[in-house]
Amino acid sequence: MKKLKISHNNMAYIYLLPWIIGLLMLQVYPFVKSFYYSLTDYNPLADPKFIGIANYVRLFTKDKEFGKSLAATIEYVLVTVPFKIIMSLVIAMLLNKGRKGIGALRTIYYLPSLFGGSIAVAVLWKVMFMDQGMINAFLNKIGIGTISFFGNPSTALPTLSSLEVWQFGSSMVMFLAALKQVPSSLYEAAEIDGASKVKSFFSITLPQISPIIFFCIIMQTVNALQNFTSAFVITQGGPLKSTYMLGLKLYNDGFLYMKMGYASATSWVIFGLVMIFTLVLFGTSRFWVFYGDED
Amino acid sequence: MSFKRTMAAVLSVAMLAGMTIAASAQEQVTLRFSWWGGDERHEKTLAVIDAFEAANPNIKIEPEYSSFDGYKEKKTTEFASQTAPDIFQIETGSGPEYYKNGVLYNISETDFDFSNFDPYFLEMNGQFGSGSQYALPTGMAGSALIVNKTLADEIGIDLTQPYDWEYFFELGKKVREYDPECYLLSANTQYGTAFFIRAWMRQVNGLPIMSDDYTLNVTEEQFAECFDYIRRLYEEEVCAPASYKAPYGDQDQEDPNWIAGKYVADVGYTSSTNVLKAANPDVDYIAGQMPLREDRKSDGWFNDCPQFIGIYVNTEHPAEAAKFLDFFYNTEEAAAILGTCRSVPPTAMAQEVCEREGVMDALSREAVDVSLQYNGESDGGLTTCAEVTSILEDAYENVSYGAMSPEDAAAEVVSLLNDFIDMNK
């Protein structure tokens, strides 16, 4: 029997084929198709009708909900991302010590991230922050009184943000790994030179782990811009549209009002926002991100 | 011999044909049936499915049930991908949209027996002006004021006599004076919109807010007057604060103040009486009368149905689907099992069975009887479609929170409704 000879390259492609097929079918095709739909008037129960850029014009000139939705989304990003990064960095530094039981502690702090954007966690959050929930019971006990977290437009969005911030585990693990890579000789030299802990943190720790901070900010920004689950499950976008983020608007336009073309246009606006945020971050990175191979 | 042979051949063919017919009669058919509801409805519907399968061993019904959250969105996806279940429950407001989009099978073309239904009730519920039955009403329902009679009697409030909309303010003041923790009305945004905007407008104009030919029947001034009434309801503390009610959505039975008996009445539907009563079973309830304008063109209040059930247009087994619906609606066995889990049943036969078997919920029956007194007509259609409903609910929320003046909210609603008309007409 003659053995079939396959080159290394071709073998690699064969192994990659399932992933490539998945990428093309589940990512590239919907990506391209959604752009086409964004240029159509498309009720999912009928054929799409090409209308050019009318959906985009309408989004930016006529749709009052879009402005509110965009503002809520950006506010959510601006509240969530910095708090999550700071929280995960602080916890990572606390856990970057050789104490007894530190492994168990690291696992416990990482656990919330495993739940991801699950419905169960969103429901739990809702119950915790209800008027009769655990948080208000505590606030009442210390004399602050009941706060209607989800009934008040000014507290609803920060409460949703707190759910995202609570799931800081994945960033924390990355910070933990980055902190371990900082050479201890740098701290020793700084100590000899009389630098304080705070000075060491700002002059050694932050610059050394800045590539990881940069990466985490980008990933968390992209995640926050696409938020859907918590707004859908907990507040349905209310009260007064204060948590009506673009992900939820897209969903309602597409699946509730059956305007799939319009929803596709919104999805491309979200994509545009992700690009803008990412480009701005990349643009500023040369001022504050330090790579080891630089002079 | 040739005659015998011919006879033998004919008999053989007849036997084979008979066997083929028998085999096809026994062909296994599987139908999917989806609905939303609470535990009680799920359990009773599953029991009806079991009873149907026992009587029709060649038809299997695969149940798909859930709460209402996401139900409509799931149906949209299923229609788009042509994977909708053979039989499905339909929200009343979505019925006309589904009919318009051609996803409903014409049940009039099946062997379904309509003789137990009142023809006028069928015409008004599920024909969508077509003259054919595209969906079947699951029961009789309407807006309702569910009154905590125990508390009302304590305060000295009577909602069993005809009254006008202003009467709520007088009663609201009385309730707050009686106990500052109590309110006259528990009203959420969703049900409040149907009660205080749609019904109000039907009384004012005798017409729905938007006709099916995309005519807007309400002026900005009329909206402003209605929104000003809603503003007063909240400012004068007739209704519990909107910010307090918001986290409970339309689940009034989950509101701890309802459970604790702090409201005199709940603004809702006849179909929600069961859950409201179950949330606080320690007090007595009655169905209150509904408010009426003196200068009304119509009573506004009407009786229609809480949901429809329809057959998917692309089903491969319309005859079997109709057979199941026939069992569901037209057998005493099913009527006795279902009781009032979808409000008061839509046929006199099923109502009699429920009374006889003692499964007719008295409060549901009473609430339906109250709604039957009024001469309003259903505004199901564009007025109740998801997008228009959302515009009205946003206005209700803005005014109830005091975030917008009635005049500004009215101007915005008219602008948004005209925009909706431009987009869709």
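Residues numbered from 1 in each chain as written. Chains lettered and ligands numbered in written order. Predicted model: local features only at pLDDT ≥ 70, side-chain atom pairs only at ≥ 80, totals over all residues.

J.: What should I look at first to understand the sheet that holds strand β6 (residues 183-186) of chain B in this one?
T.: By way of backbone hydrogen bonds, the strands of a sheet pair with one another, either parallel or antiparallel. All names here are of chain B. Here four strands make up an open sheet; going across it, the order is β6-β7-β5-β8 and the pairing mixed. Strand pairing shows two members of the sheet lacking a second neighbour, β6 and β8 (285-288), which therefore form its edges. The sheet shows a mean angle of 25° between the axes of neighbouring strands, direction not considered. As judged from the three bridges shared by β6 and strand β7 (residues 263-269), these two strands associate in the parallel manner. (Pairing = 2+ DSSP bridges. Helix = DSSP H or I, 4+ residues; strand = E, 2+ residues; numbered from the N terminus. Axes fitted to C-alpha atoms, helices over the stretch in contact; angles between N-to-C directions.)

J.: Looking at this structure, how should I read the packing of helix α9 (residues 220-235) of chain B against helix α18 (residues 406-424) of chain B?
T.: Packed helices, taken two at a time, are described by the angle their axes make and the gap between the axes. Residue and element names in this part refer to chain B. Across the interface, α9 lies against α18 with an axial gap of 8 Å and an inter-helix angle of 135°. In terms of orientation, α9 lies oblique with respect to α18. Of the two possible hands of crossing, α9 and α18 adopt the one that is right-handed. Here α9 contributes E220, F223, A224, F227, D228 and R231 to the contact with α18, which in turn contributes P406, E407, A409, A410, A411, V413 and V414. Grouping the constituent residues of the contact of α9 with α18 by class yields nine nonpolar, no polar and four charged. (Parallel < 35°, antiparallel > 145°, perpendicular 65-115°, else oblique. Left-handed = near helix turned anticlockwise from the far one by under 90°. Contact = placed C-beta atoms within 7 Å. Nonpolar A, V, L, I, M, F, W, Y, C, P; charged D, E, K, R; others polar.)

J.: Whenever I open this one, the interface of chain A and chain B confuses me. Can you help?
T.: Quoted interface sizes are often the accessible area lost when the parts come together. Between chain A and chain B, the residue contacts involve 17 residues of the former and 21 residues of the latter. Tallied by class, the residues present in the side of chain A that touches chain B amount to 10 nonpolar, six polar and one charged.

J.: Sorry, what's going on with the packing of helix α3 (residues 64-95) of chain A against helix α10 (residues 197-225) of chain A here?
T.: Residue and element names in this part refer to chain A. Following both chains from N to C, one finds α3 and α10 inclined at 145°, their axes separated by 9 Å at the closest point. Read as a crossing pair, α3 and α10 show a hand that is right-handed. Between α3 and α10, the contacting residues are T73, Y76, V77, T80, V81, K84 and I85 on the first element and I213, C216, I217, Q220, T221, A224 and L225 on the second. Class assignment for the residues of the contact of α3 with α10 results in nine nonpolar, four polar and one charged.

J.: It is not clear to me how the sheet that holds strand β2 (residues 59-66) of chain B should be interpreted in this structure. Could you clarify?
T.: Residues and elements named next belong to chain B. Read across the sheet, five strands follow the order β2-β1-β3-β9-β4 without closing on themselves; strand pairing throughout is mixed. Both outer strands of the open sheet, β2 and β4 (136-137), are each paired with one neighbouring strand and no more. Sheet topology places strand β3 (residues 87-91) next to strand β9 (residues 307-311); five bridges connect them, and they run antiparallel. Opposite I90, over in β9, you have F308 as the bridge partner. Docked against the sheet, helix α2 (residues 39-55) engages β1 (29-36) and β2, running at close to 175° with respect to β2.

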